[in-house]
Amino acid sequence: MESSSIQEPFDLIRLSLSERVFVKLRGDRELTGILHAYDGHMNLIMSDVEETIMIVDVVDGAPAGQPATVNVAKRKMDMLFVRGDGVILVSPPVTNIEPDCQYTFRQMYCL
Amino acid sequence: MLIFSVFKTLTDQQVTVELKNDLSITGVLKSVDQFLNIRLDNIKVLDEARHPHMMAVKNCFIRGSVVRYVQLPSEHVDTQLLEDATRRESLAAVKR
Amino acid sequence: MDDTTPPPPPEEQTPPPPPPASHTGSPTDFLKGVVGKRVIVRLTSGVDYRGVLSCLDGYMNIALEQTEEHVNGVVTNRYGDAFIRGNNVLYISAAETI
C-alpha cells in the first residue's frame, strides 16, 4: 500500500521528542534543548535551552561572505515556548555523523 | 490546540514573554486564546532603561504573532505529559 | 475603414510541438520524482541545503538527510537529519537525474 511508505516531515520531529535538538531561527538565532512538544505550526516547547545569537559585523571591503568578526551571545533558559513562525530548521544536533549512523531516518522506515 | 492547553494550565503563573522587537516582559499570565494572544498582569519590562515608556504600564495584551519566546516556569510543566500529548496529537493529525 | 470582412486567419496552424518527455508533468510530479534523491533546497534567505530528500508535505515542510548547509558557497553546517519549515523555502532543485 502506497500510503504506508509515505512519511511526513513531521515524523522527523516526532522521533526527536525528549531528545536534544538543534533549532535554527530567524534573526541569526540558534537553540539547543530537549524537545517536549510541538504542533503543526512548529511551535515548540523545549527545556534546558541554550540560545546562541550571532552578531555579524561585516567590514567594508571584506570579500563577500567573509565577515570580519562574528560576535556570539549565549544565554540559558529553563523551559521555553518558541513560536513556530520564527523556526527555519530543526535537527537532532549530530554534528559529526558516524558512517554507521547515517541513513537512520530512512532505515527506520525502510525507504 | 495542544500548546493553547499548555498555556491555559499556566494561568496565574509568572512567565516572561520575549517579543520579536527584543522587548521582554515578565508578568502573571492572566489569559490566553487560540491564537496564543496573551494577557499579562503586574508586568515588569526587563530592560527598563531601554524602554522607559513601559514603566507606567501595569498590564498588557500581547498579540500572539509578535511573540518570539515565552519562558515558562519549568516546575509547572509536566514534560512527560507534553510528549505523550504531542504524540497523540500528531497521530491524530496524520489520520485527519 | 473597409467594410468587407478581413479574410480569416489560416486554419492550418500547427500546434506547438510537445515538450520533451523530461519536462512533462506537474510540479507535484516533480516533487514526487525527487523524493529519495539528492536535492538543493534554497531558502528565501539565500542559504542552500544540499541533501537527500526524505519527504515533504503540502506546506513544503521538508525532511532532508545527510544535509550540508551552504552559505555563499561555503559549507557552514552538517546535519544527519533536518526538518525545514516550508515557509522558508524558495525552491527545490534536483541535484541528480530524476
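Per an unreviewed UniProt entry, chain C goes by the name U6 snRNA-associated Sm-like protein LSm6 and belongs to Mycena venus. Quoted straight from UniProt, the Sequence similarities (unreviewed entry) entry for chain C says "Belongs to the snRNP Sm proteins family. SmF/LSm6 subfamily." Under the UniProt heading Subunit (unreviewed entry), the entry covering chain C gives this text: "Component of the heptameric LSM1-LSM7 complex, which consists of LSM1, LSM2, LSM3, LSM4, LSM5, LSM6 and LSM7. Component of the heptameric LSM2-LSM8 complex, which consists of LSM2, LSM3, LSM4, LSM5, LSM6, LSM7 and LSM8. The LSm subunits form a seven-membered ring structure with a doughnut shape."

Going by the annotation in an unreviewed UniProt entry, the name recorded for chain A is LSM complex subunit LSM3, with Mycena venus given as the source organism. Its UniProt record gives chain A a comment under Subunit (unreviewed entry), which states: "LSm subunits form a heteromer with a doughnut shape." UniProt, in its Sequence similarities (unreviewed entry) section for chain A, records the words "Belongs to the snRNP Sm proteins family."

At the interface, 29 residues of chain B touch 25 residues of chain A. Interface area, chain B with chain A, both sides summed: about 2,300 Å², of which 59% is carbon and sulfur. Contact with chain A buries area across many residues of chain B, yet Ile3(B), Tyr69(B) and Glu83(B) alone supply 25% of it, more than any other trio. Here chain B is connected to chain A by 4 salt bridges. Where Arg75(A) meets Glu18(B), a salt bridge forms, and the shortest distance between an N and an O atom there is 2.5 Å. Counting across the chain B and chain A interface gives 10 residue pairs in polar contact (both at pLDDT 80 or more).

On to the packing of aromatic side chains. Scanning the model with the defined rule gives 5 aromatic pairs over all chains in all. Between Phe10(A) and Phe83(C), the ring centres sit 5.2 Å apart and the planes meet at 45 degrees, which makes this aromatic pair tilted. Taken together, the residues Phe10(A) in helix 2 (residues 9-14) and Phe83(C) in strand 4 (residues 74-84) connect one chain to another. Across this residue pair, the class does not change: Phe10(A) and Phe83(C) are buried. With a centroid separation of 6.5 Å and 40 degrees between ring planes, the pair formed by Tyr49(C) and Tyr79(C) is classed as tilted. Residue Tyr49(C) is found in strand 2 (residues 48-56), and its partner Tyr79(C) is found in strand 4; the two are separated by 30 residues along the sequence. Taking relative accessible area as the criterion, Tyr49(C) reaches 0% and is therefore assigned buried. A relative accessible area of 3% places Tyr79(C) in the buried class. The structure contains a cluster of three or more aromatic residues connected by ring pairs, namely Phe10(A), Tyr38(A) and Phe83(C).

Rules of the game
- Residues numbered from 1 in each chain as written.
- Chains lettered and ligands numbered in written order.
- Predicted model: local features only at pLDDT ≥ 70, side-chain atom pairs only at ≥ 80, totals over all residues.
- Heavy atoms only, no water.
- UniProt positions renumbered as here; feature names shortened; annotations may be inferred.
- Contact = heavy atoms within 4.5 Å.
- Buried area = accessible area lost by both parts, 1.4 Å probe.
- Salt bridge = Lys/Arg side-chain N within 4 Å of Asp/Glu carboxyl O.
- Polar contact = N/O pair within 3.5 Å; in protein donor to acceptor, adjacent residues only side chain to side chain.
- Phe/Tyr/Trp six-rings, centres within 6.5 Å; stacked < 30°, edge-to-face > 60°.
- Helix = DSSP H or I, 4+ residues; strand = E, 2+ residues; numbered from the N terminus.
- Buried < 20%, exposed > 50% of the residue type's maximum accessible area, 1.4 Å probe, protein only.

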